[in-house]
Structures are given as structure tokens and as C-alpha cells.
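# Architecture at a glance
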Amino acid sequence: MKATGTRNPIVLGVALIAFGIGLPFIFTSRFSQHILIMVLLYALLGEAWNIMTGYAGLVSVGQAAFFGVGAYVSSFAFVTWGVNPWLGMLLSGLVCAAFGVAVGFPVSRLRGRYFAIGTIALGQTIKIIFENWEYVGAARGLMLPLVPEGLLNFQFHTSKAPYYYIALALLAGVVVLMYLIEGSKLGYYFKAIRENEDVAAGMGVDKTVYKLIAIALSAFITGIGGTFLAQYSLYVEPEYVFNHLISVTIALIAVFGGTGNIAGPILGALILVPISELTRAWLGAGGKGIDLMIYGAFIVVICVFEPEGLVGIIRRVGRSARGGEKRGVPVWRNL
Amino acid sequence: MYLQLLTGGLLLGCIYGLVAMGLSLIYGVMGIVNFAHGAFVMLAMYASYWLYALLRLDPVLSTPLVAALMFGFGAGCYYLVIGRVLRGPFLARLLVTFGLGIFFVSLAQFLWTPDYKMVDRSIAHGIITIGGVFIEGPKLAASIGSLAVAAAVYWFVRKTKTGLAIQAISIDRMASSLMGINLERLNAIAFGLGIASAGAAGSLMASFYYIFPDVGTMFGLVALVAVALGGFGSTEGALIGAILLGVIETFGGFVVGPAYKYALIFVAYLLIVIIRPRGLMGWGAD
């Protein structure tokens, strides 16, 4: 199921990366570069969600738990032991993957909405723990000390462009990983579990193991995203990195773009993140809440009018152009 | 001391129970997990507050009025939004109420600022002592009111013709449609009824709770956990789950510390559903 119907993904990928490298030369202001960075970060987080939910069918509304833990692990290691942030990033990914497996082992027994509510419960619990954990700064969070800027230190003060390129590289890496998964046995196992886990188990897929692999991969990438945000904003606090809205936004971006394919979250982030950031910049001043009002209304409008997401629109246009092909099986019918 | 905590937990649990019952009813009939439920509670609290501030109507007494308002509001939301996504994909059905919730909370923040508001003197003020246990008047009134409203909803669903039709839908949508039940209209009634329950709970709580835009979020989450704990599709389960959570919250807040009381609720949920993946009394395919 190649999403966009391109014949050669490598050509397309190289063209997209070249386009991505060129973008900061077009958008030179700090604010527009900030938006670009957020687009890439959320595309990354959306892809991570996609592995767990779009492919393996485990609906997560608690990705902020992994995101926050990732932000905290590297920041804490940096502040306390002076661990290099790059090493911290790897550490964050590994800790998140281990954390994901540890909590995922019991929770993956749950199905459908019991699982989704379990992820919410988990996200809220982790947030409350970090808000009260004095050792990691409790509700105050952690401030990352300024060090001389440079790639090795993962800190840049004069320009935002380096952060952009790091995010682009991370996203490119994840997309390559997704392509490998898509074409491998692993991808088919995930999809089999998503479509019907009982049948998949009957066919010999060890569903617990593959669910845990999906969760671990998703947590690893989300944790790396957390470290990236921590290095970008140079502070972490529970209210910010464990915010439930992050979990909802990640899910929304992937749903809006279209779940279960690689292009979806990138398309979703490309459209939703600028809307969210621009309304916040224009209307969010003074804590009036207009930006979130528009955001909430937007979610409702998408769900009512375009529940299949952008990829659904593209497919529909493609289908009518090719003269009405047979409609595919709805992905979510079993839930 | 333990008797005091148990009483507090039971009183809290009854209020949670009313919120959870509305959520359970909505889920049972149309399969929608209403993540905006807490936001509806919050809107009802504000409605009750403004009735008090502008017309000097006591929150406890204005409960039927607020419930009626919320019924109409809920039915309106059904026709405008919920009814349109019912046939959509699972994730759209899941996310649409998140959107509604965010919208209502920010709307409240926009209209009424994030500042705390409070009803300064309810008719149910004061403290009653029964056998050495202190009970705050407003909480007692709210719990009794919650049980009364819950009983009324229960009676409506079990005994009236409309209620029987609602039950029929939650058992088999297709068959009840073939028997001549107007699905759209009854879905709207069920949604309105669910929101009215949340609204009644909100109005009853307005007499002793601080009111601010985010106040409902935690109620909504706790109610959701209560419904899942009791098992989706079981109204009695939701009530039992809610009372259990009220007791866990009160005892846990005392033993472990108030900062962790909600964490304990969530951990309790995880532990219970891991042992019983369909909640305490749940049934049906999931």
C-alpha cells in the first residue's frame, strides 16, 4: 500500500530532502523557522504514533508520557552529570523504549478503548509523578545551562537553522526506518495484529512480542523527539512536556494526515502545525484562549467533514481520476 | 478517622457516579466515548454560578433548571456534531469529542477568564455531625441530589417507553431500527440525557467547588476511568466504579498525600483492567 502512488521512492525522497534543505533559505525569519522546526518535530512524533497506532492498531492518547520522559532523561543527565546531549538523546530513546516495554507488557493485554484510556491514565500518572518528584525539580522543572554553541554541544543561540537541519535529519532517518518496516515481515505482522489480533495469533504471530516491539519503536522515536525539544527550548517542566494536549495533537496530526501510511503524519504536520502556531502567535496573547478555541473547532470540523484525513482526499481524487476503483476495506472497522 | 474518610469517599463517589452515568449512557447507546464530558460539567457549573450571581438562585435549587438547559444543549451538540461522525471511522469518533472539549474549555476561558469563581453562600452551608463523623452540608446535599438524579435517570431508562427504546438501541441498533425506532431522535435524547446528568452533577458541585475553565477536565477523566472500571456498557458498573474511585481518592489522598490522589485513581484503573480487561461488569465485543 504505497501511499502516494509514486513509482520510485528514492527519487522522491532525494527531491524532498533537497526541498527541505532549501526551505530555511526561503523562510529566513526566526519565527518562520520556528514553525518549520515544529512541523518537523511533530511529523517525527506523528510517525512514531503511526508505528504504534496506524500500523499495529494500539490506539495511544498518551504519547506525552514518552515525550516527557525523553525530554527529562537527557536534560537530567546533562544538568546533573554533564552527559553530552547527543549521548543523552540515545539514552532517552533507550530509556523510553525500556519504559514502553515495561508498562506495555501488562497494558497491551487491553483492547480498543480500554487500551486508549489506559494510555491516558498512564500519561496523567507520569505527569503527576514528575510534578511531585523533588529530585528532578518537581513542578519547577529543569533549566539547561547555556554552553558554547556548536553541533557537538547541541546548542545554537544565534540561529535556529541548525536545529531545523537536525530535525530534518532525524525525520529523514525515521522515514527510512518506516520504509524498511513497511516492506518487511515486521510491517505485515503489525498490520495483521491491527486487522484482527486473534486471527493473527492463530496464524502464528506472537502478538504480545510484536505489540511490544511496536511500542518500543514508537517510544524510542518519541523519546528522541523529547530530547530534541528540551535542547531546543533549553528547559523542561512537567506542565509543558507531559501536557495531555501534546498527546492529542500527535494523534490528531496523524489522523488528519491519514493513518497507516508514511506520508500521512508529514502531510498532517505540514498543515496543522502552522495553523496552530500562527493562531497562537496572532490570537494567543493575553491568555484569552482564542487560539485553542479555533484549534478545538478545527478538530471537530475535520472529524465531521474529513474523517478519512488528507490521504483519504488524495486517494478519492485519484480514484475518480482513474474511474472509480473498488473501495478499500476501512481500517478501523474492528474497533 | 477511617469512618470519616469512608464517608467523604462515598459522598464524593456519588457525585462522580452521576457524571459517570451520563458518560456510560452515551457510550451504551451510540458507542461514543465522550472526552468532552468534563467540559460539559464545567459549563453547567458556570451556568449555575451565573444563575446565582445574577438572579440569586441557589445552585442546589437551580439544578433542575441547569439540567434542563444542558439537556437542550446536549441534544443540540448531537445534531450539530456527534450525529454526523457516528458512521465515520473509529479515530474520528474518538477525536471529535477531544476537539469539543478543547473548544468549550477555551471558550469558557475567553468568556469568563481563567480566574476562580465561587458561590459564597449556599443554602446547604454548615457542618452536620452524625456519630462523630463531620459532614459538610453542601457535599451532603450534592451527594443526595446526585443519587436522586441518578435514580430519576435510571427510572426513565427502565420504565418509560422512550427509555426502553434507548435500551433496545444499546442492545441491537439494527434490529431496533427495523422495529420502527427513530434512531436519530433517540440518540439525541440519550445524548441530551447524558449531558443533563453531567450538568446536574456540575450544578450540585457549584455550591462548594471553585469554578474555573479547567475544573471539569479531571471530573471527566475520573468519570471515564469509572466507566471503564465498571465496564463499558454497564450503567450499574459505572456507579460502582465511581464510588470505588471516590473512596480510593479519599483514602489514598490521606495515606499517600493529596498530590498523588489522582495518580492513585489511574493506577487503580490500570491494575483492575489488567486483571479484568473488560472492567468489573463489562460485556460485549471490544
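As the structure is a prediction and not an experimental result, all values here were calculated from the model.

### Details of the confidence of the model for chain B
Here chain B shows a mean pLDDT of 86. Residues at 70 or above account for 98%. In the predicted assembly, ipTM is 0.83 and pTM is 0.85.

### Points about the pattern of salt bridges
Residues and elements named next belong to chain A. For the coordinates displayed, the defined rule picks out 13 salt bridges over all chains. Residues Arg140 and Glu134 are paired through a salt bridge, measuring 3.3 Å at the closest nitrogen-oxygen approach. Note on accessibility: Arg140 and Glu134 belong to one class, exposed. Notably, a salt bridge pairs Lys211 with Glu197, separated by 3.2 Å at the nearest N-O pair. With Lys211 in helix 9 (residues 207–233) and Glu197 in helix 8 (residues 197–202), this residue pair connects regions lying 14 residues apart in the sequence. This pair shows no difference in class: Lys211 is buried, exactly as Glu197 is. Within this structure, Arg111, Glu197, Asp198, Lys207 and Lys211 form a network of salt bridges that share partners.

### Here we look at the nonpolar core
Proteins that are soluble and globular tend to have nonpolar side chains buried together. Ranked by size, the top nonpolar core spans 194 residues in total, and within it Tyr42(A), Phe228(A), Met30(B) and Tyr269(B) carry the most contacts. Counting residues per element, this core draws most heavily on helix 2 (residues 30–55) of chain A, at 16 residues. Discounting chain neighbours no more than four positions away, the residues touching Tyr269(B) are Tyr114(A), Ile117(A), Gly118(A), Ala121(A), Val225(B), Ala228(B) and Leu229(B).

### Points about the interface of chain B and chain A
Contact with chain B, which involves 45 residues of that partner, is made by 45 residues of chain A. Counting the surface lost from both chain B and chain A, the interface buries some 4100 Å², and carbon and sulfur atoms represent 77% of this. Elements with a contribution of two residues or more to the side of chain B that touches chain A: helix 3 (63–85), helix 4 (90–112), helix 9 (215–230) and helix 11 (261–275) of chain B. By residue number, the principal contributor to the side of chain B that touches chain A is helix 4 of chain B, which donates 15 residues. Here the residues of the side of chain B that touches chain A sort into 36 nonpolar, six polar and three charged.

### Overview of the side chain of Thr249(A)
Residue and element names in this part refer to chain A. Examined against the element boundaries, Thr249 turns out to sit in helix 11 (residues 244–257). A residue is classified by how much of its surface remains accessible, and Thr249, at 13% relative accessible area, is buried. Ignoring sequence-local partners within four residues, the contact set of Thr249 consists of Tyr42 and Tyr295.

### As for helix 3 of chain B
Helix length check: helix 3 of chain B (23 residues) gives 31 Å between terminal C-alpha atoms against 33 Å at 1.5 Å per residue, within 8%. The largest bend along helix 3 of chain B measures about 50° and falls at Tyr78(B). When we look at burial in helix 3 of chain B, the residues that qualify are Thr63(B), Val66(B), Ala67(B), Met70(B), Gly74(B), Ala75(B), Cys77(B), Tyr78(B), Val81(B), Ile82(B), Gly83(B) and Val85(B). Buried positions along helix 3 of chain B lie against helix 13 (290–305) of chain A together with helix 1 (2–30), helix 2 (37–55), helix 4 and helix 8 (183–205) of chain B.

### With respect to helix 12 (residues 263–283) of chain A
All names here are of chain A. If you check helix 12, its first and last C-alpha atoms are 30 Å apart, about what 21 residues at 1.5 Å a residue would give, namely 30 Å. Of all the bends found along helix 12, the most pronounced is centred on Ala269 and spans about 30°. The complete set of buried residues in helix 12 reads Gly264, Pro265, Gly268, Ala269, Leu272, Val273, Pro274, Ser276, Glu277 and Thr279.

Criteria and thresholds
- Residues numbered from 1 in each chain as written.
- Chains lettered and ligands numbered in written order.
- Predicted model: local features only at pLDDT ≥ 70, side-chain atom pairs only at ≥ 80, totals over all residues.
- Heavy atoms only, no water.
- pLDDT = per-residue confidence, 0-100.
- Salt bridge = Lys/Arg side-chain N within 4 Å of Asp/Glu carboxyl O.
- Buried < 20%, exposed > 50% of the residue type's maximum accessible area, 1.4 Å probe, protein only.
- Helix = DSSP H or I, 4+ residues; strand = E, 2+ residues; numbered from the N terminus.
- Core = buried A, V, L, I, M, F, W, Y, C linked by side-chain atoms within 4.5 Å.
- Contact = heavy atoms within 4.5 Å.
- Buried area = accessible area lost by both parts, 1.4 Å probe.
- Nonpolar A, V, L, I, M, F, W, Y, C, P; charged D, E, K, R; others polar.
- Expected span 1.5 Å × (residues − 1).
- Bend = angle between axes of the 7 residues up to and from the residue.

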